[in-house]
Structure formats: C-alpha cells, structure tokens
Amino acid sequence: MNGFEKRAALIKEKILRTTLEMLKTWEPSKIRVADIAKAAHVSQVTIYNYFGSKEALLHEVIKDYIDTSMKEFEEYMQSNMSVKEKIERIIFHDKEAFNTFSPHMINQLLIEDDEMAEYLQRVTNEKAIPLILQMLKDGKKSGEISNKVSSQALLMFINFTLQHYGELMKMVEQSGNTDLIDSALHILFYGICGKP
C-alpha cells in the first residue's frame with residue numbers, strides 16, 4: 001500500500017468511526033452528510049467520493065459494526081471458557097449493544113432496512129448459529145447444559161426470536177425500558193427459574 005492508499009484508508013476509517021459515534025446519539029434519518037463531514041473534519045465531497053451516498057455510508061458502518069462484533073463473538077466462543085462464562089459474555093455483549101444504540105436506531109437500520117436485515121441474517125446463519133450449536137454440544141458434554149435441550153429446539157427458539165426481533169425492539173422502544181432486553185436474554189439462557 002503506497003502513501004496515497006494509506007491516507008485514503010485512514011480518511012475512510014475516520015469517516016466510518018465518526019458516523020458510528022454519531023449513531024449512538026443521533027437518529028439515522030436526521031444525520032446529514034454535512035453533519036458527518038463537519039464532525040470528521042472532511043469535505044462532503046470526500047464522503048460522496050468514498051461512499052456514494054449517506055445510505056451506503058450507513059450500511060458500511062453497520063456492516064463493519066456487525067463484522068467486528070462477530071469477530072469478538074467468534075473469539076470468545078472458540079476459547080476455552082466454560083459455557084457459563086460464554087453465556088455471560090453473550091449477555092454482556094448484547095447488553096452493551098443495546099446501551100450503545102437505541103432500540104429505534106436498531107429497528108431503523110437493522111430491521112426495517114431489507115439489505116441490512118438480510119446481511120445480519122446471513123452472518124447469524126453462517127457464523128453465530130454454528131458456534132451456538134457447538135456451545136450446546138460442549139455444554140451437554142460437560143454437564144453444564146441439560147440433555148433435554150435439543151439443537152432443533154434451540155434453533156426453533158432462535159429463529160422465532162429473529163423473526164420477531166422488530167416487534168421486540170418496538171416493545172422496548174415504547175416501554176422506554178432497555179432492561180427488558182436483559183430479562184429476555186436471562187429467560188433465553190436460564191429460564192424463568194433463574195440461574196442453576
């Protein structure tokens with residue numbers, strides 16, 4: 001990579017980081033290219049040259065966020081942690097995402113946007129689900145997960161949750177209580193009776 005390519009990569013990365021930071025406090029539809037340019041200390045023309053449109057920029061930011069999150073997920077799911085520790089990391093990671101982004105933003109950019117919803121579904125199917133099924137298998141072997149939990153039942157539950165994710169986000173947004181996410185994750189991993 002020559003000097004020009006390095007500078008171009010740094011500028012593009014700065015625009016992506018700035019946009020991601022803005023998404024933590026701004027509604028996506030209200031962000032203008034002019035706002036991003038000002039915050040990133042670049043021209044609007046630079047943003048259009050790299051990304052073509054605001055929508056393309058937002059898509060790249062969200063894909064980058066999903067890919068980074070998935071890489072972290074893969075690392076700890078493939079580690080030597082116990083199943084309990086992996087579940088705690090999953091809960092912490094999801095809680096962190098919901099503390100970072102509002103349910104409205106998640107709904108707008110990940111659920112209502114067909115391209116992003118399809119991307120998230122593909123990453124989930126190709127990467128996350130095989131790791132979760134491996135955790136289930138390992139957990140049964142170690143005695144940390146009940147043999148009554150079948151792979152098919154877990155997949156059914158995950159698919160049901162993914163199909164109704166938009167509705168869940170709307171409920172959380174309407175209630176104004178992001179703790180509902182923690183409670184739902186708790187039920188998913190520990191049931192209604194609490195931790196074993």
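What you are looking at is a predicted structure, and each value in this text was computed from that prediction instead of being measured. (Residues numbered from 1 in each chain as written. Predicted model: local features only at pLDDT ≥ 70, side-chain atom pairs only at ≥ 80, totals over all residues. Heavy atoms only, no water.)

1. Overview of the nonpolar core
Consideration 1: Core analysis: the biggest nonpolar cluster contains 48 residues, and I15, L23, I47, L57, F73 and M77 have the highest contact counts within it.
Consideration 2: Apart from the residues lying within four places of it in its own chain, the contact partners of F73 are I90, A128, L131 and I132. (Core = buried A, V, L, I, M, F, W, Y, C linked by side-chain atoms within 4.5 Å. Buried < 20%, exposed > 50% of the residue type's maximum accessible area, 1.4 Å probe, protein only. Contact = heavy atoms within 4.5 Å.)

2. Some details on the environment of V61
Consideration 1: Residue position: V61 is located in helix α4 (residues 54–77).
Consideration 2: Those residues in contact with V61 that sit more than four places away from it in its chain are L16, T19, L20 and L23. (Helix = DSSP H or I, 4+ residues; strand = E, 2+ residues; numbered from the N terminus.)

3. As for helix α7 (residues 114–142)
Consideration 1: Taking 1.5 Å per residue as the helical rise, α7 with its 29 residues ought to reach 42 Å, and the 40 Å between its terminal C-alpha atoms agrees with that figure.
Consideration 2: Residues of α7 that are buried: M116, Y119, V123, T124, A128, I129, L131, I132, M135, L136 and G139.
Consideration 3: Residues of α7 that are buried sit in contact with α4, α5 (83–100), α6 (103–111), α8 (151–163) and α10 (179–190).
Consideration 4: Two or three places before E115, at the opening of α7, D113 has a side-chain oxygen 3.1 Å from that residue's backbone nitrogen.
Consideration 5: One or two positions beyond α7, positive phi appears at G143, with a value near 85°. (Expected span 1.5 Å × (residues − 1). Polar contact = N/O pair within 3.5 Å; in protein donor to acceptor, adjacent residues only side chain to side chain.)

4. Examining the packing of aromatic side chains
The relative placement of two aromatic rings is captured by the distance of their centres and the angle of their planes.
Consideration 1: Under the criterion given, the structure shown has two aromatic pairs.
Consideration 2: Seen in terms of ring centroids, Y50 and F51 are 6.4 Å apart; in terms of plane orientation they differ by 55°. Their pairing is tilted.
Consideration 3: Judged by its relative accessible area of 30%, Y50 falls in the partly exposed class.
Consideration 4: Residue F51 is classed as buried on the basis of its relative accessible area of 9%.
Consideration 5: On the numbers, 5.6 Å between centres and 80° between planes, the contact of F73 with Y76 is edge-to-face. Of this pair, F73 and Y76 both sit in helix α4, three residues apart, roughly one helical turn. (Phe/Tyr/Trp six-rings, centres within 6.5 Å; stacked < 30°, edge-to-face > 60°.)

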